[in-house]
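Chain by chain, the residues:
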Amino acid sequence: MSIPHAFQMSRLSRLLPWIVLAVTLSVTWLLWKHESRTSRKEVRAQFDFALRDTVSRVEQRVAAHEQMLRGLQGLFATTGLKNRAAFRDYVETLQLDANFSGVQIIGLVDRVPGTQKKAHEAVMRGLGVVNYAVYPEGDREFYTPIIQREPQLGRNWLPPGLDIWANPDRRMAMERARDSGQAAITAKVRLAIDKKPEAQPGFIMYLPVYAHGQSRDTVAQRRSHLIGWIYAAFYVEDFMASLYGTSLPGVVLDIYDGAEPTANALMYSVGNRSELARHDGLHANEYMVVAGRTWTLSLHSLREFDERYGRNVAGLIAATGFILSLSLALLSWFMVTGRERALRLAAGMTEELRHMAQHDPLTGLPNRALFSDRLGNELARAKRNDGHFGLIFVDLDRFKPINDSFGHAVGDLLLRQVAQRMKETVRASDTVGRIGGDEFVVLMPMLADAEAARLLAEKLRQAIARPFVLDGRELTISCSLGVALYPDDGQDEITLAKSADEAMYQAKQSGRNRVWLAS
Amino acid sequence: MIRRYLFASLLACCLVSSAGATGYGCARAYSLALHEHGLLYTMATDTGIDKDVADELIRRSGCKVIVNVMPRARIWQLIESGALDFSLSGITNPEREKFASFAWYFSNKYYLLVRKDSGVGTHADFERNARLQLGVIRSFRYSESANRLVDSLYQANRVSQAGGLEPLYQALMLNHIQGMIIEPFDYPALDEKRIREASSIIAFNDPPVLHGLIMSKTALSPEEQERWRALLSEMRKDGTIRRIFEKYFKPEMAMNMVNFPGGK
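Predicted model only: the values in this text are computed from it and were never measured.

Calculation criteria
- Residue positions are given per chain, counted from 1 along the sequence in the order it is written.
- To read the labels, note that chains go from A and ligands from 1, taken in the order they are written.
- Reporting of local features is limited, given that this is a predicted model, to residues whose pLDDT is at least 70; pairs of side-chain atoms are given and counted only at 80 or more, and all residues count toward the totals for whole chains, interfaces and linings.
- Values shown for side chains rest on all heavy atoms present in the structure; no hydrogens or waters enter the calculation.
- The way it works is that DSSP assigns letters per residue, a run of H or I at least four long becomes a helix, a run of E at least two long becomes a strand, and they are numbered from the N terminus.
- Exposure is judged per residue with a 1.4 Å probe applied to protein chains only, and the accessible area is read against the type maximum: over 50% gives exposed, under 20% gives buried, and values in between give partly exposed.
- It only takes one pair of heavy atoms within 4.5 Å for two residues to be counted as in contact.
- The rule for a disulfide is simple: a pair of cysteine sulfur atoms within 2.5 Å.
- Here a cavity denotes grid points, spaced 1 Å and computed from the protein atoms alone, that fit a 1.4 Å probe unable to get out, and a pocket denotes an open set having protein on both sides within 12 Å along at least 5 of 7 lines; residues with an atom within 4 Å of a point are the lining.
- Grid points are joined across faces, edges and corners, and a volume is the space filled by probe spheres set on the points.
- All amino acids are sorted into three groups, where Ala, Val, Leu, Ile, Met, Phe, Trp, Tyr, Cys and Pro are nonpolar, Asp, Glu, Lys and Arg are charged, and the leftover types, Gly among them, are polar.
- As used throughout, domain bounds are those supplied by an automatic or database domain assignment.
- Put simply, buried area is the surface a 1.4 Å probe can reach on two separate parts but cannot reach once they are joined, added for both.
- The salt bridge definition used is simple: a Lys or Arg side-chain nitrogen within 4 Å of an Asp or Glu carboxyl oxygen.
- Contacts described as polar in this section are N or O atom pairs within 3.5 Å, which, within protein, must combine one atom able to donate a hydrogen with one able to accept it, while residues neighboring in sequence count only if both atoms come from side chains.
- We call a set of buried residues a nonpolar core when its members are Ala, Val, Leu, Ile, Met, Phe, Trp, Tyr or Cys and they connect through side-chain atoms within 4.5 Å of each other.
- The charge count includes Lys and Arg as positive and Asp and Glu as negative, but it does not include His or the ends of the chains.

Now for the overall build of chain B. Helices and strands together make up the secondary structure of chain B, namely 12 helices and 10 strands. Counting over 264 residues, chain B shows a buried share of 52%. Considering only intrachain contacts with a sequence separation of at least 6, the fraction spanning at least 24 residues in chain B is 75%.

As structure tokens, this is what we get:
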């Protein structure tokens, strides 16, 4: 393989590390993206599960309470509403069951036609309810007094006889229960037993009781055969605490009454709300229908949730992939450029060797070999074009005493400065060479005549004659120059050199520090 | 005249006894669940198409069937577990085919109901606008394009779920959701002026989807399923199903819904 071809190949292969970097970074990016998506999906699935599970737990709990009321419904459908002892026993039994710990009160509402109010009060007093009276007072088409509440604990105690029909939230739920025959719950209400200064959110579930054996297939039938309601009252806080299962950490759950999540409608809130502003997590609303009433469940995920269920390796993949990509690119760069760098080093060393072989190590001027080569070339060119050129031999005058007096170091320094001055003085096309200790030669191509050669030689003489400063010491030296011209003083290298040498010798003989033309 | 009356009574007697004789596998009491959904069933009045179909099925079978009302998602769970025998107006998909079989009795198309101020003219408009939320009833499936839209929005966290239709209308009016998928049973709500004025309807370009009696494969043997399917088929053939639908829809609409090609 030739060297240029090798360099061309290396130019192509120089792209390889970049290609490796691009490919490995792309793979890293794809993996990172895939992992991020998978992780997001996982979190999303867990979040959906949390929401579905919460909805399901609330629904199950409501259904359980409805079942409990249905038991009572069955009891009263067969025994009538006035079986106070049976009701008390039933609730007492329930109280033993921790499952119903969320229930504050279970109550019984009688439906009394307006004409039978007095008789109803008499019956209730007859049953042992001392001073029983329907309140608030006033004549109405019918009354719906609460005739019994269980359990009758101190904190739950209220005088029986409260007619709740006037309360719109309770009335709407009671009407819904009456017309559908199903359980119905109220909007968010303050329970009658709630005596705290600040209302605790609560709700009441009603179930209708119809006269035993009467048809209730239509709304009209259900209305006419209704004898009362049973109900269960809840504080939302306690109701939620009684849900089956454990709630998920790392979420904020809000429950609102109705479809509009306003502060007034908020019934329940759990979770570290202060973290919401700091974390852009998942959020979903679910509009669940609980016994005919809409509750909005609003669920937010917090950092804890996302970290728990997110696989969280996307960052690791990105960092590892980035480092690996760089390492691989670097490795391929070393592999690809190893040969190229070796070739470049060899070429550099070759060039250096070549330079060393053709130049004087002290002054950096072409040595005898290179000068001879250039002289040969110029000779050939001049012959071909019938041209002229000049050759100057320069010998420093009395250099040896300087060397002896000041040492070789100073002598060498002087030689370097002389060489520098000569290079600065000649034309760009001229060649200055060093052929011996204090002997220099100058090749002057394309000269018009001998006078031009003499002028250039004279310029050189004057340049060298100017004082040199070496290590703070001023030194002066002169030189003798012999000038030979092609073709007048010689037509080959040897003759020309001889002529110049002889001219230089003549200059020395004539008292030094002068220029001598060969002819 | 009297003779004709006697003959008719005798025939009715025979038919009833023949129904009793063939039996519909009334070896036990069955359970059937309704869900509140527009004209299908309204708990407040305890009426609806599903209720009528259920009453007629119960009457004809002579079986004791305990009817409950529960959320649709719960119904599918119980049908799958076998704790519930029947429900009504169900549509199928490969997942449901594993645990439920169906006896079709009507078909209908699905529509996207959108708020007018959402600037949506097509389903694609809705999908493109990342600010728009779609409301759906949990566990409901729809026609092919509607399912595709729901699934795509679900992945983008743009779906709000509900346990029933009513909260979705409320959420739509409150602009918490900007669209929902509706069926012809949901039309009465559109009679409400405020909903009608604020919304517009975009039809999904899918063929009508079959709806039917849902039977739990876990709870009912293939023979039982076939007997109930035959019973429903009788109700279709003798026009009972059509008459039930005509109570709730205009005759032409009812006819379109109960006459579908290929229904078994």
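Residue and element names in this part refer to chain B. Per the stated rule, a full pass over the model turns up one disulfide over all chains. Each sulfur in the disulfide pair Cys 26 and Cys 63 lies 1.9 Å from the other. In this structure, the disulfide formed by Cys 26 and Cys 63 twists by about -70 degrees around the S-S bond and is classed as left-handed. Linking Cys 26 in the loop between helix H1 (2–22) and strand E1 (30–34) with Cys 63 in the loop between helix H2 (49–61) and strand E2 (65–69), this pair joins segments that are 37 residues apart in sequence. For Cys 26, a relative accessible area of 36% corresponds to the partly exposed category.

All told, the structure shown has three cavities of 30 Å³ or more when counted by the stated rule. Put simply, the largest cavity is a space of about 120 Å³. As for the largest cavity, its lining consists of 16 residues, of which Arg 72, Ser 89, Phe 140, Arg 141 and Glu 183 of chain B are closest to the centre. Every element with two or more residues in the lining of the largest cavity is listed here: helix H3 (72–81) and strand E3 (86–90) of chain B. Here the residues of the lining of the largest cavity are counted per class, giving six nonpolar, six polar and four charged. Among the domains, domain 1 (28–108 + 209–258) and domain 2 (111–203) of chain B are the pair contributing at least three residues each to the lining of the largest cavity. The volume enclosed by the second largest cavity comes to roughly 50 Å³. Around the second largest cavity, the lining residues are Arg 44, Asp 48, Leu 51, Ala 284 and Asn 285 of chain A together with Arg 138, Tyr 154, Val 159, Ser 160 and Gln 161 of chain B. Elements supplying a minimum of two residues to the lining of the second largest cavity: helix H2 (16–79) and strand E10 (283–290) of chain A together with strand E7 (159–162) of chain B.

Below, the discussion takes up the environment of Glu 59 of chain A. Turning to its location among the elements, Glu 59 of chain A is positioned in helix H2. Sequence spacing of Glu 59 of chain A and Val 289 of chain A is 230 residues, and the spatial spacing of their C-alpha atoms is 8.5 Å. Apart from residues lying up to four places away in sequence, Glu 59 of chain A is in contact with Met 288 of chain A together with Pro 71 of chain B.

In this structure, Pro 151 of chain A follows Glu 150 of chain A across a cis peptide bond, with omega equal to -5 degrees. Mapped onto the secondary structure, Pro 151 of chain A falls in the loop between strand E4 (146–150) and helix H5 (168–180). Between Tyr 486 of chain A and the following residue, Pro 487 of chain A, the backbone shows a cis peptide bond with an omega angle of 5 degrees. Relative to the assigned elements, Pro 487 of chain A resides in the loop between strand E17 (479–486) and helix H14 (493–509). The backbone of Ala 291 of chain A sits at a positive phi, close to 45 degrees, despite the residue not being glycine. Owing to a relative accessible area of 15%, Ala 291 of chain A belongs among the buried residues under this scheme. The phi torsion at Asp 46 of chain B lies on the positive side, around 55 degrees, for a residue other than glycine. In this structure, Asp 46 of chain B sits in the loop between E1 and H2. Residue Asp 46 of chain B is classed as buried on the basis of its relative accessible area, which comes to 13%.

Turning our eyes to something else, we now look at the interface of chain B and chain A. Note: interface size is frequently given as the accessible area lost on complex formation between the parts. Contact residues are listed per partner, giving 22 residues for chain B and 26 residues for chain A. Per-residue buried area on chain B facing chain A is highest for Met 43, Arg 138 and Asn 157 of chain B; these three make up 25% of the total on that side. Between chain B and chain A we count two salt bridges in total. The residue Arg 138 of chain B makes a salt bridge to Glu 286 of chain A at a minimum N-O spacing of 2.6 Å. At the level of elements, helix H6 (144–155), E7 and helix H7 (165–173) of chain B are the ones that each hand at least two residues to the side of chain B that touches chain A.

Let us now look at the layout of surface pockets. Of the pockets and cavities examined, the largest pocket occupies roughly 1,400 Å³. Considering the residues around the largest pocket, the lining is formed by 48 residues, among which Val 289 and Gly 292 of chain A together with Glu 36, Met 43 and Val 69 of chain B are closest to the centre. Every element with two or more residues in the lining of the largest pocket is listed here: H2, H5, E10 and strand E11 (293–301) of chain A together with E2, H3, H7 and helix H8 (187–190) of chain B. Per-element tally for the lining of the largest pocket: the top contributor is H2 of chain A, with six residues.

All names here are of chain B. Domain annotation for chain B reports domain 1 (28–108 + 209–258) and domain 2 (111–203). If you average the C-alpha positions of domain 1 and of domain 2, the two centres end up 25 Å apart. Where domain 1 abuts domain 2, roughly 1,300 Å² becomes buried across the two surfaces, and 69% of that area is made up of carbon and sulfur atoms. On inspection of domain 1 and its partner domain 2, the count reaches zero salt bridges. For the pair domain 1 and domain 2, the number of links is six residue pairs in polar contact (both at pLDDT 80 or more). For the side of domain 1 that touches domain 2, the elements supplying multiple residues, two or more each, are H3, strand E4 (100–108), strand E10 (209–216) and helix H12 (251–258). The leading source of residues in the side of domain 1 that touches domain 2 is H3, at three residues. For the side of domain 1 that touches domain 2, the per-class residue count stands at 11 nonpolar, six polar and two charged.

As a further point, take the nonpolar core. As a rule of thumb, nonpolar side chains are buried together in soluble globular proteins. Formed by 53 residues in total, the largest nonpolar core has its most connected members in Leu 69, Ile 106, Phe 239, Met 240 and Trp 295 of chain A. Excluding residues within four positions of it along the chain, Phe 239 of chain A makes contact with Val 58, Arg 61, Val 62, His 65, Gly 102, Phe 203, Phe 234 and Trp 295 of chain A. Residues Ile 91, Val 159, Ile 195 and Val 209 of chain B belong to the second largest nonpolar core, which totals 37 residues.

Let us look at the side chain of Asp 489 of chain A. Inspection of the secondary structure puts Asp 489 of chain A in the loop between E17 and H14. Within the buried core, Asp 489 of chain A has no salt-bridge partner, and the shortest N-O distance to an opposite charge, that of Lys 498 of chain A, equals 12 Å.

Right, let's talk about H7 of chain B for a bit. Summarising burial for H7 of chain B: seven of the nine residues are buried, a large majority. Along H7 of chain B, the residues classified as buried are Leu 165, Pro 167, Leu 168, Tyr 169, Ala 171, Leu 172 and Met 173 of chain B.

All names here are of chain A. According to the domain assignment, chain A consists of domain 1 (14–79 + 246–326), domain 2 (81–228) and domain 3 (359–517). For domain 1 versus domain 2, the distance between C-alpha centres works out to 40 Å. On the domain 2 side, the residues contacting the 27 residues of domain 1 number 28 residues. Between domain 1 and domain 2, roughly 2,400 Å² of surface is buried when both sides are summed, and carbon and sulfur atoms account for 68% of that area. Looking at the side of domain 1 facing domain 2, the largest losses of area belong to Met 68, Gln 73 and Phe 76, adding up to 25% of the total buried there. Along the contact surface separating domain 1 from domain 2 lie zero salt bridges.

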